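These are the residues of each chain, in order.
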Amino acid sequence: MAQPHWTSSEQPGRMMSGEMAAQPTVLRRILEDGAPPIRATAEAIAARTPRFVLLTARGTSDNAALYAKYLLEILLGLPCGLTSMSTTTAYGARPDLRDVLVVTVSQSGGSPDLVASTRAARQAGAITLAVTNNADSPLAAVSEHHIDILAGPEKALPATKTYTASLLSLYLLVAGLRGGEGASAAKALPGLAAQVLARQDEVRALAARYRFAERMVITSRGYGYPTAKEAALKLMETSYIPALAYSGADLLHGPLAMVDNISPVIAVVPDGRGGEALRPVLDRLRGRGADLFVVGPERQVEAASAGFVLPTGGLAEELQPILEILPLQLLAYEVTIARGQDPDAPRALAKVTETH
């Protein structure tokens, strides 16, 4: 596949590149300007002592919601579920949601099914919270509470800065629900994110391995699993490579059979309990001769076919997903460019997806 020649005015991926580069600034803005209102919102919700949490989202926001599920269950001990919106929007079900916190995550806050599902939840007695990048959105309007993730306009179709902004905002929310503030634990994030994004040349060299890939598998455990799902989504929507995301545990329950030495496997290895839980999976993958790419601690990267050493800098495991996704965003971008495609404008996609 010959790579086309682009003029400077036609250079593909300019918007996605700029929005990826803006992430350290966005993270710093959330910590400085967003943290106080997020904490106030968390305190108001905590005062109502919700007994259960339902998380509602689609696409990239669904992966952010899955991250929140891990936070809420591990750090707060609150049982959480991911909403099946069609039960209310298509089937008209009206469950009893008294004392239930319903958190709807949406970058645009404009999808009709998210708005309708949240409205129905509020009518059913739920405490409703919208987490969006648009304070004037229909979703924010129908929700009792709202958190603005402060990412600024995002024009590229693949979501990058709104994803990491959602993760940090949700982390601060959970910290507030616990009675803390969270910002101090996350203060190193903007600087660490800048370090990762400065290594784009390193990722570009790695991307050459996957230019002609016909399929990819991405795996992780624990807090890293939402990263695996988001990385798969980014690869599929930008480069059109079929990318399958599995929990490491689920990978061993059958899908491992499709792994060979041709199709690349990306493993997101958290520095913590999730990474320890993933160790037997990595051993099995190496035993099968997999073309293994690892994002994680140096000791894991050294034992892989290729990898990206993540500078966690003592960062708590629950905050590492905000860094883990960055080299994988860069990878999706670089693979797409190498395949002669424009990551700013994936075919058949719109920035606001209106599902019903």
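That block above? That's the structure.
Residues numbered from 1 in each chain as written. Predicted model: local features only at pLDDT ≥ 70, side-chain atom pairs only at ≥ 80, totals over all residues. Heavy atoms only, no water.

Digging into the packing of helix α3 (residues 60-76) against helix α7 (residues 161-177)
Part 1 of the reasoning: Running from N to C, α3 and α7 cross one another at 25°; their axes reach a closest spacing of 9 Å. Classified by the angle their axes make, α3 and α7 are roughly parallel. Considering only the axes of α3 and α7, their crossing is right-handed. In contact with T60, N63, A64, Y67, A68, L71, L72, L75 and L76 of α3, α7 contributes Y163, S166, L167, L170, Y171, V174 and L177.
Part 2 of the reasoning: Taken together, the residues that form the contact of α3 with α7 break down as 13 nonpolar, three polar and no charged. (Axes fitted to C-alpha atoms, helices over the stretch in contact; angles between N-to-C directions. Helix = DSSP H or I, 4+ residues; strand = E, 2+ residues; numbered from the N terminus. Parallel < 35°, antiparallel > 145°, perpendicular 65-115°, else oblique. Left-handed = near helix turned anticlockwise from the far one by under 90°. Contact = heavy atoms within 4.5 Å. Nonpolar A, V, L, I, M, F, W, Y, C, P; charged D, E, K, R; others polar.)

Considering the sheet that holds strand β4 (residues 127-132)
Part 1 of the reasoning: If you trace the five strands from one edge of the open sheet to the other, you get β2-β1-β3-β4-β5, paired in parallel fashion. The sheet terminates laterally at β2 (80-82) and β5 (145-148), the two strands that pair on one side only. Each adjacent strand pair in this sheet contributes to an overall mean axis angle of 20°, direction not counted. (Pairing = 2+ DSSP bridges.)

Section: the nonpolar core
Part 1 of the reasoning: Counting residues in each nonpolar core, the largest one holds 82 residues, and the members touching the most others are V103, L168, L189, I218, F293 and L328.
Part 2 of the reasoning: Aside from chain neighbours lying at most four places away, what touches L168 is L27, I30, L31, A186, L189 and I322. (Core = buried A, V, L, I, M, F, W, Y, C linked by side-chain atoms within 4.5 Å. Buried < 20%, exposed > 50% of the residue type's maximum accessible area, 1.4 Å probe, protein only.)

As for the side chain of T312
Part 1 of the reasoning: You can see T312 is positioned in the loop between β10 (306-309) and α14 (321-338).
Part 2 of the reasoning: In contact with T312, other than residues within four places in its own chain, are L192, D271, Q320 and L323.

Thoughts on α14
Part 1 of the reasoning: The terminal C-alpha atoms of α14 lie 26 Å apart, and with 18 residues this matches the ideal 26 Å at 1.5 Å per residue to within 8%.
Part 2 of the reasoning: One or two residues past the end of α14 sits G340, with phi positive at roughly 80°. (Expected span 1.5 Å × (residues − 1).)

Regarding α3
Part 1 of the reasoning: For α3, with 17 residues, the first-to-last C-alpha span of 24 Å sits near the 24 Å given by 1.5 Å per residue.
Part 2 of the reasoning: Listed as buried for α3 are T60, S61, N63, A64, A65, L66, Y67, A68, L71 and L72.
Part 3 of the reasoning: Those residues of α3 hidden inside the fold are in contact with β1 (52-56), β2, β3 (100-106), α7, α10 (225-239) and α14.
Part 4 of the reasoning: Note on α3: the residue one or two positions beyond its end, G77, has a positive phi of about 70°.

Quick notes on the side chain of T118
Part 1 of the reasoning: Position of T118 relative to the elements: it lies in helix α5 (residues 112-123).
Part 2 of the reasoning: Its relative accessible area of 1% is what places T118 among the buried residues.
Part 3 of the reasoning: Here T118 is in contact with T104, T128, L139, V142 and S143, once residues within four sequence places are set aside.

Regarding the packing of aromatic side chains
Part 1 of the reasoning: Counted according to the given criterion, the structure contains two aromatic pairs.
Part 2 of the reasoning: Measuring from ring centre to ring centre gives 6.1 Å for Y70 and Y223, while their planes differ by 50°; the resulting arrangement is tilted. Placement of Y70 in helix α3 and of Y223 in the loop between β6 (216-220) and α10 is noted, with a sequence separation of 153 residues between them.
Part 3 of the reasoning: The class for Y70 is partly exposed, based on a relative accessible area of 23%.
Part 4 of the reasoning: A relative accessible area of 6% means that Y223 is categorised as buried.
Part 5 of the reasoning: Relative to F293, the ring of Y210 lies with its centre 6.1 Å away and its plane at 90°, an arrangement referred to as edge-to-face. Here Y210 is found in the loop between α9 (200-207) and β6, whereas its partner F293 is found in strand β9 (residues 291-296), with 83 residues between them in sequence. (Phe/Tyr/Trp six-rings, centres within 6.5 Å; stacked < 30°, edge-to-face > 60°.)

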